[in-house]
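A look at the structure
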Amino acid sequence: MPGTPVCASLCINENTDVHGVPTGACGVKLAAAGADVVGINCHYDPFRCLEATKKMVKAVKAAGYDKVEFMIQPLAYMTPDASVQGFIDLPEFPFALEPRICTRFEMQRYARESWEAGIRFIGGCCGFEPYHIRALSEELVKERDWEPEFPIRGGKFLEKHTKPWVRARATKEYWDNLKPGTGRPFSPSLSKCDNWGITAGHELVKQHEEWTSKQELEKGYEFKKNLARGQ
């Protein structure tokens with residue numbers, strides 16, 4: 001429809017897309033194609049998506065597209081170990097990603113750093129919960145002149161807790177500097193991504209509308225077993 005703003009974002013990391021095109025150049029291509037808002041969404045954590053979007057901001061502005069705005073919608077999961085295809089290559093995808101989830105205060109840092117980078121459409125994708133969105137809104141209260149319901153205000157309400165050691169946590173500084181444990185003593189901090197070494201054209205990655213057949217599933221299972229054996 002003529003006159004309707006176009007927003008275009010990509011699921012790529014801070015370096016390149018899956019074809020090796022630099023992230024900044026991808027942003028320029030989107031702007032050149034007529035997008036009014038360009039950016040990054042999904043597949044990576046807030047801070048990797050932020051670095052990717054920053055590269056788009058720099059490249060798009062350098063290319064002369066001064067009227068283009070920027071958007072960011074990352075995962076709510078920390079993915080420092082995700083490869084070029086993002087979190088889908090992590091062994092925890094999709095049913096065991098919860099230990100990677102970001103805290104409210106990591107979300108607030110993401111919102112602040114995004115705003116300071118010139119990004120004005122700040123949101124979230126897979127894994128985001130209402131309390132994450134509230135954290136983003138609360139961080140940008142002064143900029144937006146609006147406060148969400150039930151703000152945590154850096155944990156200030158903990159001042160009324162019955163235990164003194166919990167009352168001592170009633171500052172934003174405490175939560176900003178916390179390194180949260182996972183409660184899983186034998187859990188690794190990073191995972192090894194699946195790397196099947198197959199790309200478009202391989203029979204295992206061909207897509208079709210029909211339900212995946214038993215024969216296709218068996219081929220995939222066998223391929224994975226062979227990889228594990230080093231074959």
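Our structure's up above, just so we're on the same page.
Residues numbered from 1 in each chain as written. Predicted model: local features only at pLDDT ≥ 70, side-chain atom pairs only at ≥ 80, totals over all residues. Heavy atoms only, no water.

Quick word on the sheet that holds strand S4 (residues 121-122)
We apply this condition: Only strands that DSSP links by at least two bridges are regarded as paired with each other. Each helix corresponds to a stretch of at least 4 residues labelled H or I by DSSP, and each strand to a stretch of at least 2 residues labelled E; elements are numbered beginning at the N terminus. It only takes one pair of heavy atoms within 4.5 Å for two residues to be counted as in contact. Lines fitted to C-alpha atoms define the axes here, with helix axes fitted over just the stretch in contact, and angles between the N-to-C directions of these axes take values from 0 to 180 degrees.
The parallel open sheet is built from 4 strands, whose spatial order is S1-S2-S3-S4. Since the sheet does not close on itself, it has two edges, and those belong to strand S1 (7-10) and S4, each with one partner. As paired strands, S1 and strand S2 (residues 37-41) are joined by 4 bridges and run parallel to one another. Along S2, the bridge assignment pairs Ser 9 with Gly 39. Where helix H2 (residues 46-62) meets the sheet, it contacts S1, S2 and strand S3 (69-73), and its direction lies at approximately 165° from that of S3.

Some details on the pairing of S2
The side chains of a regular strand alternate, residue by residue, between the two faces of the sheet. Threshold: Per-residue accessibility, obtained with a 1.4 Å probe over protein chains only, is compared with the maximum for each type, and a residue is labelled buried under 20%, exposed over 50%, and partly exposed between these values. Clockwise travel from the first strand over the helix to the second, with the strands pointing away from the viewer, marks a crossover as right-handed.
Summarising burial for S2: 5 of the 5 residues are buried, a large majority. Taken together, S1, helix H1 (residues 23-32) and S2 constitute a β-α-β crossover, and its handedness is right-handed. By the bridge criterion, 5 bridges tie S2 to S3 in an arrangement that is parallel. What sits directly across from Val 38, in S3, is Phe 70.

Topic: the pattern of salt bridges
Note the cut-off: Basic side-chain nitrogens of Lys or Arg form a salt bridge, by our definition, when they fall within 4 Å of a carboxyl oxygen of Asp or Glu.
Applying the stated criterion across every chain, the model contains 13 salt bridges. Residue Asp 194 pairs with Lys 224 through a salt bridge whose shortest N-O separation is 3.7 Å. Taken together, the positions of Asp 194 in the loop between helix H7 (172-176) and helix H8 (214-228) and Lys 224 in helix H8 put the pair 30 residues apart, joining distant regions of the chain. Asp 194 gets classed as partly exposed once you look at its relative accessible area, which sits at 34%. A relative accessible area of 43% places Lys 224 in the partly exposed class.

Focus: the side chain of Thr 79
Among the secondary structure elements, Thr 79 is positioned in the loop between S3 and helix H3 (104-116). Given a relative accessible area of 0%, Thr 79 falls into the buried group.

Let's talk about the nonpolar core
Quick note on the threshold: Nonpolar cores were defined as sets of buried Ala, Val, Leu, Ile, Met, Phe, Trp, Tyr and Cys residues, with membership established by side-chain atoms within 4.5 Å.
Among the nonpolar cores identified, the biggest contains 30 residues, and Val 38, Phe 70, Met 107 and Tyr 110 are the most heavily contacted of them. Broken down by secondary-structure element, the contributors of at least two residues to this core are H1, S2, H2, S3, H3 and helix H4 (130-139). Broken down by element, the residue count for this core peaks at 7 residues, all from H2. Once you skip the residues sitting within four places of it in the chain, Tyr 110 turns out to touch Pro 46, Phe 47, Ile 72, Pro 74, Ile 122, Gly 123, Phe 128 and Leu 136. Core analysis: the next-biggest nonpolar cluster, separate from the first, contains 7 residues, Cys 42, Tyr 77, Phe 87 and Leu 90 among them.

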